[in-house]
Amino acid sequence: MKKVGAQLKQGSGPEMEGRPLALPLDHIEEDPGQPRSAANPGFTAHSLAELAASIRLRGVKTPISVRHHPDRPGRYIINHGARRYRASRLAQLATIPGFIDDDYSATDQVVENLQRNELTAREIANYIGRELSKGLKRGQIASNISKSPAFVTQHAALLDLPEPVALAFNQGRVRDVTTVNELVTAYKAQPVAVTAWLGEGEPEITRGAVKLLRAFLGEKFGQEEPVVEEGRAGPAQQDAATVDAAPSDTGHRRWRCGGVVVLHQQREGILLLGRRPSGEGRAWIRHVDGVEVEIALAEVQPLRLLGAGE
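Okay, so let's go over this structure. Per chain, residues are indexed from 1 in the order of the written sequence. In keeping with the predicted nature of the model, local features appear solely for residues at pLDDT of at least 70, side-chain atom pairs appear and are counted solely at 80 or more, and the whole-chain, interface and lining totals rest on all residues. Note that water and hydrogens are dropped before the side-chain values are worked out from all heavy atoms of the structure.

What follows is about the environment of Glu 131. A run of DSSP states H or I qualifies as a helix once it reaches four residues; a run of E qualifies as a strand once it reaches two. Both are numbered from the N-terminal end. On the secondary structure map, Glu 131 appears in helix H5 (residues 121–133). Separated by 24 residues in the primary sequence, Glu 131 and Thr 107 place their C-alpha atoms 9.2 Å from one another. Excluding residues that lie within four positions of it along the chain, Glu 131 makes contacts with Thr 107, Leu 136 and Ile 141. We call two residues contacting when some pair of their heavy atoms lies within 4.5 Å.

Structure follows, in structure tokens:
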């Protein structure tokens, strides 16, 4: 303890001003209220092992920030630098360079991590939720973390998602906040159709996939249509890929196909089966950006069926 005290005392002298202290790792604790959760990608074993290897080779180049522990004299709580702290312990160091900053808040932690893009959308939303519960306005929160009000609004929406969208988000199938909000917009317009689409169990829901879904929702996906029974002709404008969802004579459930996703000139689009082309061998497609074009069928590559549920 005398050696440690001497180090800290020396570190606070005029000759050491502006230089970090050598803080004993055994005297440092992580902040239990820090915004990053245990599931943060930066805390994976692989990520920390890589950082530990770098620290063994080059040391800790960026000092951490700590504050005095309010209840345990001689100990510190991390403001920021939890990854460097954990990796330093893995590297079996005794000390870590750091600065003491007692004027540090949860908002400062969020700002520091946001600027390094180390917080997940869920962690940002949880922080915003806590601040809202304290009575802060969204504009004030945005100002505190140096982000736009739209950023705060987008993430606050993650706190109250429709159940099917929330399930996909919590399962990690969709992570991008913009994609989640686009899904919510689609769900509000066509809840049954979007629920069925989410239920198909795609492991990862990309922004492009949601754009395709929304583009097709504008056509006929999820709308109630006359059912075409096998072996019987339907109306001229009936989607040729739509069949009865009731059990067939063979005991198998029939599937309602919402459309065909195709690749045209390296861009995905949806084949518009209900729109009459100008001649044989041609068809209309709608690209993700909503632009509809008539093309030759020989120019497209079928990718997958867009289901409307089972």
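Still more ground to cover, so stick around.
The criterion for an aromatic pair is that two Phe, Tyr or Trp rings (for Trp, the six-membered ring) have centres within 6.5 Å, with stacked assigned to planes under 30 degrees apart, edge-to-face to planes over 60 apart and tilted to the rest. Counted under the stated rule, the structure contains 0 aromatic pairs. Remark: a charge is flagged as sitting over a ring if the NZ atom of Lys or the CZ atom of Arg is within 6 Å of the ring centre and within 35 degrees of the ring normal. When the ring centre of Phe 43 is taken as reference, the NZ or CZ atom of Arg 86 above it lies at 4.0 Å.

Here the focus is helix H9 (residues 177–189). In a helix, the anticipated span is given by 1.5 Å times the number of residues less one. Across its 13 residues, H9 extends 19 Å between first and last C-alpha, which sits within 8% of the 18 Å expected from 1.5 Å per residue. Relative accessibility decides the category of a residue: with a 1.4 Å probe and only protein chains considered, values under 20% of the type maximum give buried, values over 50% give exposed, and everything between is partly exposed. Every buried residue belonging to H9 is among Val 177, Thr 179, Val 180, Asn 181, Glu 182, Leu 183, Val 184 and Ala 186, and all of these are buried. The elements touched by buried residues of H9 are H5, helix H7 (149–156), helix H8 (163–170), helix H10 (191–198) and helix H11 (207–217). In the analysis that follows, any N or O atom pair within 3.5 Å is treated as a polar contact, provided that within protein one partner can donate a hydrogen and the other can accept it, and provided that, for residues neighboring in sequence, both atoms belong to side chains. Measuring from the side-chain oxygen of the N-cap residue of H9 to the backbone nitrogen of Thr 178 gives 3.3 Å; that N-cap residue is Asp 176.

Here the phi dihedral of Gln 265 falls at roughly 55 degrees; this positive angle occurs in a residue that is not glycine. For Gln 265, the position within the fold is in the loop between strand E6 (257–264) and strand E7 (267–271). Residue classification places Gln 265 among the exposed positions, given a relative accessible area of 62%. A positive phi angle is found at Gln 266, which is not glycine, with a value near 65 degrees. Locating Gln 266 in the fold gives a position in the loop between E6 and E7.

So, about the nonpolar core. In terms of nonpolar packing, the biggest core is built from 23 residues, with Leu 158, Leu 161, Leu 183, Trp 197, Leu 198 and Ile 205 touching the most fellow members. Per-element tally for this core: the top contributor is H9, with 5 residues. Apart from the residues lying within four places of it in its own chain, the contact partners of Leu 198 are Pro 164, Val 165, Ala 168, Arg 173, Leu 183 and Ile 205. Among buried residues, the Ala, Val, Leu, Ile, Met, Phe, Trp, Tyr and Cys ones that are joined through side-chain atoms within 4.5 Å form a nonpolar core.

Here the focus is the packing of H9 against H11. Axes here mean lines fitted to C-alpha atoms, for a helix over just the part in contact, with angles spanning 0 to 180 degrees between N-to-C directions. Between H9 and H11, the least distance of the axes is 10 Å, while the angle of their chain directions is 20 degrees. Of the possible angle classes, the one that applies to H9 and H11 is roughly parallel. The two elements H9 and H11 meet at a crossing, and its hand is left-handed. Residue-level inspection shows Thr 178, Thr 179, Glu 182, Leu 183, Thr 185 and Ala 186 of H9 in contact with H11, the latter providing Arg 207, Val 210, Lys 211, Leu 213, Arg 214 and Leu 217. All residues other than Ala, Val, Leu, Ile, Met, Phe, Trp, Tyr, Cys, Pro, Asp, Glu, Lys and Arg, Gly among them, are scored as polar; the first ten of these are nonpolar and the last four charged. Taken together, the residues that form the contact of H9 with H11 break down as 5 nonpolar, 3 polar and 4 charged. Should an angle fall under 35 degrees it is taken as roughly parallel, and over 145 as roughly antiparallel, whereas 65 to 115 is taken as roughly perpendicular and any remaining angle as oblique. Take the far helix as the reference: if the near one is turned anticlockwise from it by less than a right angle, the crossing is left-handed, and if turned clockwise, right-handed.

The next point concerns H7. Those residues of H7 not exposed but buried are Phe 151, Val 152, His 155 and Ala 156. For H7, the angular spread of buried residues about the axis comes to 130 degrees, placing them on one side. In this description, one arc is meant: the one made by directions from the helix axis to the C-beta atoms.

Bringing the pairing of strand E8 (residues 282–287) into the picture now. The buried fraction of E8 amounts to 5 of the 6 residues, a majority that puts the element mostly inside the structure. In this description, strands pair whenever DSSP reports at least two bridges between them. Alignment of E7 against E8, held across 3 bridges, turns out to be antiparallel. When the bridges of E8 are listed, Leu 271 appears paired with Ile 285. Note: E8 against strand E9 (residues 292–296), 5 bridges, orientation antiparallel. From the neighbouring strand, Arg 286 faces E9, where its bridge partner is Glu 292.

Tracing the backbone shows Thr 195 in helix H10. Given a relative accessible area of 33%, Thr 195 falls into the partly exposed group. C-alpha of Thr 195 to C-alpha of Pro 162: the two residues are 33 residues apart in sequence and 9.8 Å apart in space. Apart from residues lying up to four places away in sequence, Thr 195 is in contact with Pro 164 and Tyr 187.

A word on the sheet that holds strand E2 (residues 28–29). Strand order in the open sheet formed by 5 strands is E1-E5-E3-E4-E2, with mixed pairing between adjacent strands. What marks the edges here is a single partner per strand, and that holds for strand E1 (21–24) and E2. In the packing of helix H3 (residues 82–90) onto the sheet, contacts are made with E2, strand E3 (64–68), strand E4 (76–80) and strand E5 (95–100), and the angle to E4 comes to roughly 125 degrees.

Read these as layout, nothing more, since geometry by itself doesn't imply function.
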